[in-house]
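# Topology and contacts: notes
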Amino acid sequence: MDTLDRFSINNIRKEYLDFFRSKGHLTENSFSLIPKNDKSLLLIGAGMAPLKKYFTGAETPPCKRMATVQKCVRTGDIDNVGLTARHLTFFEMLGNFSFGDYFKKEAIQWAWELLTDVLKIDKDRLWVTVYLDDDEAEKIWHEVVGIPKERIVRLGKADNFWELEVGPSGPCSEIYYDTGADRGCGCSDCKPGCDCNRYIEIWNLVFTQFDKDEQGVYHPLPNPNIDTGMGLERVAAVLQDKPTVFDVEPLFSVVKKVSELSGVPYGSNDKKDISMKIICDHSRAATFMIGDGIIPSNEGRGYVLRRLLRRAARHGRLLGIKDIFLHELCDKVIENSKGAYPELGEKKDYIKKVIKLEEERFRETIDSGMDILKSYI
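Residues numbered from 1 in each chain as written. Predicted model: local features only at pLDDT ≥ 70, side-chain atom pairs only at ≥ 80, totals over all residues. Heavy atoms only, no water.

## Description of empty space enclosed by the protein
Any empty space left between the atoms is revealed when a probe the size of a water molecule rolls over them. If you walk through the whole model with that rule in mind, you get two cavities of 30 Å³ or more. Approximately 130 Å³ is the volume found for the largest cavity. Lining the largest cavity are 15 residues, with T179, I200, A237, K242 and P243 positioned closest to its centre. In terms of residue count, helix α7 (residues 232–239) provides more of the lining of the largest cavity than any other element does, three residues in total. Partitioning the lining of the largest cavity into residue classes produces seven nonpolar, three polar and five charged. (1 Å grid on protein atoms, 1.4 Å probe; cavity = no way out; pocket = protein on both sides within 12 Å on 5 of 7 lines; lining within 4 Å. Points joined across faces, edges and corners; volume = space filled by probe spheres on them. Helix = DSSP H or I, 4+ residues; strand = E, 2+ residues; numbered from the N terminus. Nonpolar A, V, L, I, M, F, W, Y, C, P; charged D, E, K, R; others polar.)

Listed below in C-alpha cells is the structure:
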C-alpha cells in the first residue's frame, strides 16, 4: 500500500474503527444529520450528539464502549471557511465513547497509541492542551504518556470546556499537530491557542462529568463519561502533509472542478482560492444534507441549507461563473463519497434536482433584483 492509499480518508476511517473495535468498542455507521427525538439541536454537529441519551442515562447504551464516524454540519465558524487551513461546515468526526466505563487515563493513552503507533505521527510534533484546573489530565499526559510539560498548554473555558446548549458537558484536552514554523505567525511564543495555521487541532478528548440543564446549571453525572472527536479531514491533511484540508481528497477534486468551471487556476489568487474552497465545502454540506432528507426553506435546518447553497452560488459569480453549476459539483461529491455513504448514490438524481431548482430560484431573485436596481439608477 503506497503512502497516499495508506493515509487516504477511507483507510484512516477504517483503521480508526478497527483500532477501537480491538479495545472492546461497538462500532456504528454514521447517524443522520437530522437529530432524532432531540428538539435542542437543529443539526448533528458532533459525534456524541446522537448518543446524548446514553450520556445522560435516559437510555441504556447497547455497549458501554462505542466508536463512530459521524457526518457533521456546523455553521458557527462559517466565516472562517476558506480563510484557515482547517475550518469546514461539513466534516466527518471520528469518535470513541465511554458510558460510565473508562475515563481520562484510558482515553488519553489510547489516543496517543492510535496517533503514534498506528497512524505513525511523529510524537515530537504533537502538543496538548488541558483545562485550566485539570491537574489530573496534565499529570497523565506528562507522567504516563511522557509529553514534556513545555508542550502541555493550559487554556480557559472558551477553549477547553465542551458543551452543547443543554446536556452532557465537561473539561477537555485537545491534541494539536505542529505543522512547522513556516506555516505560523512568526511569533516566538506561538503555541496551541494561537489563531495562526501552525498548530492544527486534530483530536478533542472530552471528559464528560456534568449534565447542563436549560437554566445553565451543571449537575454532576453519577458516572463520568468519555466523548472524543477527531476531524477526519484534518488528520488526513496532517498524515498526507497537505497545507489545508482542501488539498486532501475527496475535497481537492471538488476544488479542481470549480477551477475548471470558472477557468480560474487554483493557487493563482488568494481571494479566488477562498471562493473555490467555500464552494467546495458548501456543496459537500448541501449534498449530504439533502441526502438525509433536508430541503431548502426559510426556517430551521432548511434555511441553513438554503443559506449554504446561495452563499456558494454567490461565490461562483465572484469567480465569473454566470450559469448555474452547483448541481454539477454534486456529481463529484457523490462519486467521491458513495463508497462510505451508499445512500448518496441511491439518491443522486433527487439531490441534483433539489440543488438545481434552488440555484434557478436564486438566479431569478438576483436577476430581478438587478433589474429593480437598474431602474432606480
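## Some remarks on the environment of W110
Looking at where W110 falls in the secondary structure, it is placed in helix α4 (residues 104–118). Here W110 falls in the buried class, since its relative accessible area comes to 13%. In this structure the C-alpha to C-alpha distance between W110 and R74, which are 36 residues apart in sequence, comes to 27 Å. (Buried < 20%, exposed > 50% of the residue type's maximum accessible area, 1.4 Å probe, protein only.)

## Considerations on the layout of surface pockets
The space that makes up the largest pocket amounts to roughly 1300 Å³. What lines the largest pocket is a set of 48 residues, among which R74, D77, W162, E201 and R234 lie closest to the centre. The set of elements that each furnish at least two residues to the lining of the largest pocket consists of β3 (90–98), α6 (157–160), β6 (161–163), β7 (167–178), β8 (199–212), β9 (218–231) and α7. Here the lining of the largest pocket is built from residues that sort into 24 nonpolar, 11 polar and 13 charged. When its volume is computed, the second largest pocket comes out at roughly 390 Å³. Around the second largest pocket, the lining comprises 18 residues; the ones closest to its centre are K36, D38, A49, P50 and K53. If you list the elements that add at least two residues to the lining of the second largest pocket, you get α3 (52–56) and β7. Ranked by residues supplied to the lining of the second largest pocket, first place goes to α3 with three residues.

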